[in-house]
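# Architecture and fold: a report
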Amino acid sequence: MARLRRFSSLIVLLLIAVLIGSINTNFFDPMNLVRIATTCSIPLLMALGGMFVIQMGSIDLSVEGVVAVAAVCFALLVGNNLNGYAIGLWALPVAIVVGALTGLLNGLLQVNLRIPSFMATLGVGFVGIGLATALLQGNTVRVLDMDVRAIALYRLLGLPLSVWIVILALGVAHFVSRHTVLGRHALAIGGGEDLARLNGVNVRRTRISIFALAGAFYGLAAILAVAQFGQGHALIAQGQLFTAITAIVVGGASLAGGNGSPLGTLLGVLIVVVVSNGMVLMGVAPYVQQGVQGVLIIAAVAIALDRAKARVVK
Amino acid sequence: MLTLKNVTKRFNGVTVLKGIDLEVRKHEVVGLIGENGAGKSTLMKILTGVHQPDEGHLELDGQPIVLDSPRGATAQGIAMVYQEQSILPNLSVAENLFMGREDEFSRFGWLNGKKLHRAARVQLAKVNLDIDPGMLCSELSFGQRQMIELAKALALEERCQGHLVILLDEPTSVLEQREIDTLFRLVRQLKSRASFIFVSHRLDELLALSDRVYVMKDGEVVAQMAAAHASKERLHTLMVGRSLQAEFYRESLQKACFPDVAMKVRGLSLQGSFASLDFDLRRGEILGIAGVVGSGREELCRVLAGLLPRSAGEIQVHGKRLQGGGPGAAIRAGIGYIPRERKIEGIVSMLSVAQNMTLARVGQVTRCGLLDEGRERTIAEEWIKRLSIKTPGPDALLLNLSGGNQQKVVLAKWRNAGSTILILDHPSRGLDVGAKEDVYQLIREITEQGVAVILTADTLEEMIGLSHRILVMRDGEVAQSFDCLPGAKPQQVDLIQHMV
Amino acid sequence: MPITLDVFRTQAPLLALVVLVALIAGYDPGFIQPSAVLGLLADTSTLFIMATGITFVLLIGGIDLSSQAVASMASVVIALLLPSMGIWAFAIGITAGIAAGALSGLLHTWLRIPSFIVTLAIGGVITSLTMLASANRTINIDGAERDAWFGWVTGQTAGIPNEVLVAFVVLLLCLFLHRKTPFGRYGNAVGAGEPAAWASGINVNRIKVMTFALSAGLAALSGVLMAGRLSSGSPTLANEFLLPAIAAVLVGGTALTGGVGGVWRTLIGALLVSVVRIGMTFVGVSVFAQQIVFGVILIIAVAFTLDRSKLPIVK
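Broken down by element type, chain B carries 17 helices and 24 strands. Its C-alpha atoms give chain B a radius of gyration of 24 Å, within 12% of the compact-globule value 23 Å for 500 residues. Seen through its principal axes, chain B has C-alpha atoms that stretch 70 × 50 × 50 Å. Out of the 500 residues in chain B, the part that is buried amounts to 50%.

Structure (structure tokens):
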């Protein structure tokens, strides 16, 4: 039973998929599977960023704001209807850098000013949305650069480029988490910050780096969002925060830190997306979806989390 | 080899260490003893680079050195094996062994897992631990983790060309006897490769393992002697300033217990731990429960306190069957539990002394649904006086009290709740000699008043010294019962024979 | 009481509030006109009541993310039932809130699911139910109905808006509950040391369920007030209230980790959040920059007011 627990997220996903598929076989239709993969892309990037922060035992509430400001910057730099900038795909690294810098700010606030991550990232999130709003001055920016739109529209082997980009990002996340000193130290801090410090882990540097890394992932998410919607605006990521965190936890990461993995996060995002996809397929009324999702999240977490180990659940 | 010369340290104007001169030679074990507050932990922190001395300096092989951080200390070959383990349970053995030293196994941040595991196996062999380096440390036993701690310190050997000094900070207080024996054997073996500083409260262990002993009191080294020339009594006197009464355990105060039975246990079982236990506990009696890990004694204490549900059997308290489970039912019946993990289960450190004392019986200070804080303070002040608790006042946060005084507050909580049966789970753990004596005195006082005590203790010596009777448990059953009257106490070896 | 650094730090939120009000008033004295002040207090009332509920949950070491959903639900219940049930609509609305909170608490204690997840999920369920009940549209409360039943919210007593008085009553009751009753003591113990509280015989599960029920009940009350002010109920009425409410609690000085803080602190936090929000328009901060200013001030406020001595590790 204990060994099964490690695969609990996967089992839950398969169960849900089978359940939905048995009610509506269109679920397994290749077109639908592609749709699921595409829908997962942006949330997965956001969840991966958030996962690294949660592994340290902190939390990152700034994702909506970081994606907003990165998206607006990105949209304003590529060919658009508001200004004359058109640096094309050179804007891609810019967006990622904007994300990383905002993440860096989160890290600095937390480490140097000793502000708990909950508050620091909450504030930075507000600032991000504010900056995005201020940059637009009330206008709407529409992206005209077709190369950028191609990220979402062009298909390679049946999957949009965005999905391939996310697969690559997932690989990077896995590598960082399992095979780099940064990734292991993040888990060490989550396992016990005092202990990690005692053992010679440079907690400050690791913290700042992880927040910046998360920001880079958010920047990438912003690129995909702009490509998909064809525009950048301050509320482009509205409502995504809690979805991302839910996905991370459903994927097996504890909010207290010290565990979790990119693959687990992928499973978490899949579960959330599959559930909403399934509801659409089954013709469930749109406003019921949120509720059903809530019930399923509780069920998934109830099964997936190793709660027997946690002596105290907060 | 490693010398401290005239080291002085002040915090906020208070001098914590005064002119410490200390030397650790190659291939020796130096014992360090002193009461809590004598400055031992500050000294350890200076040796591990956490603090720097205000005056004086350190020398390694005659050359002055500066330890500016924990990393700096390990770079110089000084490593600490921590009491409350410094291992991260959510990471693997190999990762823990080399935590903070990954640059030896990585390039541009990429960690070479295979190289790490190979190196880990080499280190594990040094402590005779044959486990997979990829195992998560949460899956290891307590004793195994302590060995990993030691291996981690030893792993510095290769880096520091024979200067290795390992600090053992009270390593035995959380170990069972068998593990302690293994640790001592290892340390003796390893003396050829490293020197040790062994800090402990347990005088006989200290004398057994050390070559030389330093005694600290009030921030100074008051004595230094070869272990062979020292005796427990002399050490105790130097540490505490008063002589070790042959009476450490206040045996002369051990009075006969009352005839009436406070608790009757019949057929008590807990699946997987113990089965069909029967015994009686009289008022005023101290019943010791001895046994190794796995004998079921820990679980028995927790079942009696209501913290673990029983599978079968019954517990009668003062003639009435204990109904239901959970701590609430046990407390209402008059059972109190002083836990081994005081900081987690015994006290709420962010609440005040008074609030902690009334926690098990809040109803006492509630009038018409409201808390009467004035009455609460008055009650607290009474207990502070009765138990001689050192605290700025009843409103002081428990966080700020020393371990011994915190333990007294826990005792006050149960006395206040009217407990007539107390289950003491390692009551003197983590306390210095002076605080231990206070606790033993208090135990004698309450038993004289008729409180019945079930005791499970750190050392057999403590249990033999305190108890009226001892039950030795093995594999979930009572293997033997010993009477333990003053003047006719059993020997440790008599008990051990039945424990294994 | 000697002015030590510690005293300064614990009173820092209050000082920040005073300084901020002084600065804004210096810029535009209209800010401290009685009518403006009362308007500010009235606006803050609903935020404060919701934040108070969240305070209790934070004190036991958890978090409540269902507050805005419960508040919106209460507004819809009122809007739907007022015509037919009159004053009973209020009772039903608040009871529904309490039930929702109790459900969260039960799931949290039985299934041992972290409160972050369970309240988020229950919030989603409640939003769906509310959308169903209202067919996802805003329901207006007829003017006459409003005057008949909502007088206690929308009217004035002795020149003070009734909402402020309601909030004041909530303040007193909750201060009392937290500091002077066993429930408050147990809550502090559970938040600051749950294993020790349990080992001391405290019924931890019951305290947790009651706390979540209380929090949701207060959220429902704030939803009722909102319905009165806006004369309508909708499933999204209280959106964008959750994060400011949590911010209000934290800025006031209640710790995320539990055991430290209280209702008084939340009042100051709520006032701070409100003063910043409303003060910005007085000072003439451009609409586009307001979010930025809010975020920056939030960060600065926390940087100064947080009592880091009580937080050995900053996560």
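This is not the end of the story, as more comes after the structure.
Turning our eyes to something else, we now look at helix 8 (residues 161–179) of chain A. One turn of the α-helix equals 3.6 residues, which is why residues spaced by three or four share an orientation. All names here are of chain A. Over its 19 residues, helix 8 runs 26 Å from end to end, which matches the ideal 27 Å to within 8%, given 1.5 Å per residue. Of all the residues in helix 8, the buried ones are Ser162, Val163, Val166, Ala169, Ala173, Val176 and Ser177. Buried residues of helix 8, seen end-on, are gathered within an arc of 135° and therefore sit on one face of the element. Within helix 8, the exposed residues directed more than 90 degrees away from the buried face are Leu168 and Gly171. Buried-residue contacts for helix 8 involve helix 3 (30–55), helix 7 (146–153), strand 3 (159–160), helix 9 (181–191), helix 11 (203–229) and helix 13 (262–281).

Residues and elements named next belong to chain A. Membership of the largest hydrophobic core comes to 369 residues, with the highest contact counts inside it found for Leu45, Val67, Ala70, Ala71, Phe74, Ala221 and Ala222. For this core, the element with the highest residue contribution is helix 11, accounting for 17 residues. Once you skip the residues sitting within four places of it in the chain, alanine 221 turns out to touch Ile42, Leu45, Met46 and Val67.

Often the size quoted for an interface is simply the accessible area lost on bringing the parts together. Each partner contributes to the interface: chain B provides 23 residues, whereas chain C provides 18 residues. Elements that contribute at least two residues to the side of chain B that touches chain C include exactly helix 10 (326–333), helix 11 (342–346) and strand 20 (370–371) of chain B. Residue composition of the side of chain B that touches chain C, grouped by class: 15 nonpolar, 6 polar and 2 charged.

Taken together, the contacts link 47 residues of chain A with 45 residues of chain C. Among the secondary structure elements, those contributing two or more residues to the side of chain A that touches chain C are helix 5 (91–112), helix 6 (117–136), helix 10 (193–198), helix 12 (240–250) and helix 14 (286–304) of chain A. If you tally residues by element for the side of chain A that touches chain C, the top one is helix 6 of chain A, at 14 residues.

Residues and elements named next belong to chain B. Read from one edge to the other, the open sheet built from 6 strands follows the order 18-21-22-15-23-24, with strand pairing classed as mixed. Only two strands of the sheet have a single neighbouring strand rather than two, namely strand 18 (335–338) and strand 24 (477–483). Across the sheet, the mean angle separating the axes of adjacent strands is 20° when strand polarity is ignored. Bridge analysis of strand 15 (residues 286–290) against strand 23 (residues 469–474) gives 4 bridges, and the strand direction is parallel. By the bridge assignment for strand 23, alanine 290 is matched with valine 472.

This part is about the sheet that holds strand 2 (residues 14–24) of chain B. Residue and element names in this part refer to chain B. Read from one edge to the other, the open sheet built from 4 strands follows the order 2-1-4-5, with strand pairing classed as antiparallel. The open sheet terminates on both sides in strands that have one partner only, identified here as strand 2 and strand 5 (63–65). Averaged over all neighbouring strand pairs, the angle between strand axes comes to 30°, with direction disregarded. Pairing geometry for strand 4 (residues 55–60) and strand 5, over 3 bridges, is antiparallel.

So, about the environment of leucine 177 of chain C. With respect to the helices, strands and loops of the structure, leucine 177 of chain C is situated in helix 9 (residues 162–180). For leucine 177 of chain C, the contacting residues outside a window of four places in its chain are Phe183 and Gly184 of chain C.

Looking now at unusual backbone geometry. Residues and elements named next belong to chain B. Backbone geometry at asparagine 6 places phi at a positive 55°, although glycine is not the residue there. Here asparagine 6 lies in strand 1 (residues 2–11). For aspartate 61, which is not a glycine, the phi torsion comes out positive at approximately 55°. One can find aspartate 61 in the loop between strand 4 and strand 5.

What counts, and where the lines are drawn
- Residues numbered from 1 in each chain as written.
- Chains lettered and ligands numbered in written order.
- Predicted model: local features only at pLDDT ≥ 70, side-chain atom pairs only at ≥ 80, totals over all residues.
- Helix = DSSP H or I, 4+ residues; strand = E, 2+ residues; numbered from the N terminus.
- Rg over C-alpha atoms; globule rule 2.2 N^0.38 Å.
- Buried ≥ 20, exposed ≤ 12 C-beta atoms within 10 Å, placed from the backbone.
- Expected span 1.5 Å × (residues − 1).
- Arc of directions from axis to C-beta.
- Contact = placed C-beta atoms within 7 Å.
- Core = buried A, V, L, I, M, F, W, Y, C linked by C-beta atoms within 7 Å.
- Nonpolar A, V, L, I, M, F, W, Y, C, P; charged D, E, K, R; others polar.
- Pairing = 2+ DSSP bridges.
- Axes fitted to C-alpha atoms, helices over the stretch in contact; angles between N-to-C directions.

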